[in-house]
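What the coordinates show
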Amino acid sequence: MKIQFDSTLNYQQEAIEAIVSIFKGQDKCDSNFTVYSPEFLAKQQNIGFTDIGYGNRLVLTEGQILENTQRIQLSNGLKPSTRAEIDRKNLDFTVEMETGTGKTYVYLRSIVELYKKYGFSKHIIVVPSIPIKEGVYKSLQITKEHLRELYDNINYNFFVYDSSKLNEVRDFATNDRLEIMVINIDAFAKSFDNPDDLKKTANIIHRYNDSLGYKPLDLIKNTNPVVFIDEPQTTISTPIRKKAIQSLNPLAIVKYSATHRKDEKINMMYK
């Protein structure tokens, strides 16, 4: 039995547009960085194969982002953000959607729209638990055909972070197509519990890996990903988890929930 998706629901389109329009005026561009091969690093000399990594690049000013943000908020009947709440180095936005209204579908489409319009090719979905991680991955699987039909056979890759498959992290960094990583917060927040004892307690994502020639997190940081947080009231419920999110070096953070905590309702874009 094939699931049919309705791409025309007004409130979902409004929620998508509320995030995508934050970056109105952004040129379609990316940022390149060098990924050295392990052989190069081992020999410490200027030979060896290298890869080029591809990341997101933001060219808008804080003033442009603030203007876009306020326009969207006013059109959605929400309190406009102040200049103090828009920090180009720490962009943080909120979408409130009731359970069962399709928030996962909305942020998956928002990811594709951000890529199509602005070239933002690296995205990470952070979830609070294994069941939600599996649910998001299932949503990516069942919407793939629908999204390809909706967006002219767009070529994109998605995967669930697995510390035993670090080659997927390298592919995430070095492919120039749209890449979507799904990761459980516990896979990279543990290290911040005891930063002085990283060799024993750190998540693998924080440890140098010989086959990569990098710490996996360093590859991720270089991509400057857009980070989507599912159920932030649980996912980023502690200062350590919030610090872990910042360690990803996000271009922007977008949080989706039906029950945001009061102190997390930052730059509300759609409700």
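This is a predicted model, so every value here is computed, not measured.

1. Brief notes about the pairing of strand β6 (residues 178–184)
The element β6 is largely enclosed, with a buried count of seven among its seven residues. Of the two faces of β6, the one lined by Leu178, Ile180, Val182 and Asn184 and the one lined by Glu179, Met181 and Ile183 are each fully buried. Of the pairings in the sheet, the one linking strand β4 (residues 122–127) to β6 comprises six bridges and is parallel in character. From the neighbouring strand, His123 faces β6, where its bridge partner is Ile180. Pairing between strand β5 (residues 156–160) and β6: five bridges, direction parallel. Its bridge partner being in β6, Phe159 is matched across the sheet by Met181. Crossover connection from β5 via helix α6 (residues 167–174) to parallel β6: handedness right-handed.

2. Observations concerning helix α3 (residues 62–75)
One turn of an α-helix holds 3.6 residues; hence residues three or four places apart share an orientation. With 14 residues, α3 extends 20 Å from end C-alpha to end C-alpha; this agrees with the ideal 20 Å at 1.5 Å per step. In this structure, the buried residues of α3 make contact with α1 (10–20), β3 (92–96) and β9 (268–270). Trailing α3 by a residue or two, Gly77 shows a phi angle of about 70°, which is positive.

3. Things to note about the packing of aromatic side chains
If you walk through the whole model with that rule in mind, you get 10 aromatic pairs. On the numbers, 5.3 Å between centres and 55° between planes, the contact of Tyr107 with Tyr256 is tilted. With Tyr107 in helix α4 (residues 103–118) and Tyr256 in strand β8 (residues 252–257), this pair connects stretches of sequence that are 149 residues apart. On the basis of relative accessible area, Tyr107 is assigned to the buried category, the value being 1%. Three or more aromatic residues link up through ring pairs in this structure, and these residues are Phe23, Tyr118 and Phe120. Sitting over the ring of Phe172, Lys122 keeps its end group 5.7 Å from the ring centre. One residue, Lys144, lies across the ring of Tyr156, its end atom 6.0 Å from the ring centre.

4. A short note on the sheet that holds strand β7 (residues 226–230)
An order of β5-β6-β4-β7-β8-β3-β9 is seen for the seven strands of this open sheet, with the pairing classed as parallel. Every other strand in the sheet has two partners, leaving β5 and β9 as the edge strands with one partner each. Ignoring strand direction, the axes of neighbouring strands in this sheet form an average angle of 20°. Sheet topology note: the β4/β7 ladder contains four bridges and is parallel. When the bridges of β7 are listed, Ile124 appears paired with Val227. Its contacts with the sheet put helix α5 (residues 130–150) on β4, β5, β6 and β7, and the angle it makes with β5 is roughly 165°.

Reading the values: rules and limits
Residues numbered from 1 in each chain as written. Predicted model: local features only at pLDDT ≥ 70, side-chain atom pairs only at ≥ 80, totals over all residues. Heavy atoms only, no water. Buried < 20%, exposed > 50% of the residue type's maximum accessible area, 1.4 Å probe, protein only. Helix = DSSP H or I, 4+ residues; strand = E, 2+ residues; numbered from the N terminus. Pairing = 2+ DSSP bridges. Right-handed = clockwise from strand over helix to strand, strands pointing away. Expected span 1.5 Å × (residues − 1). Contact = heavy atoms within 4.5 Å. Phe/Tyr/Trp six-rings, centres within 6.5 Å; stacked < 30°, edge-to-face > 60°. Lys NZ or Arg CZ within 6 Å of the ring centre and 35° of its normal. Axes fitted to C-alpha atoms, helices over the stretch in contact; angles between N-to-C directions.

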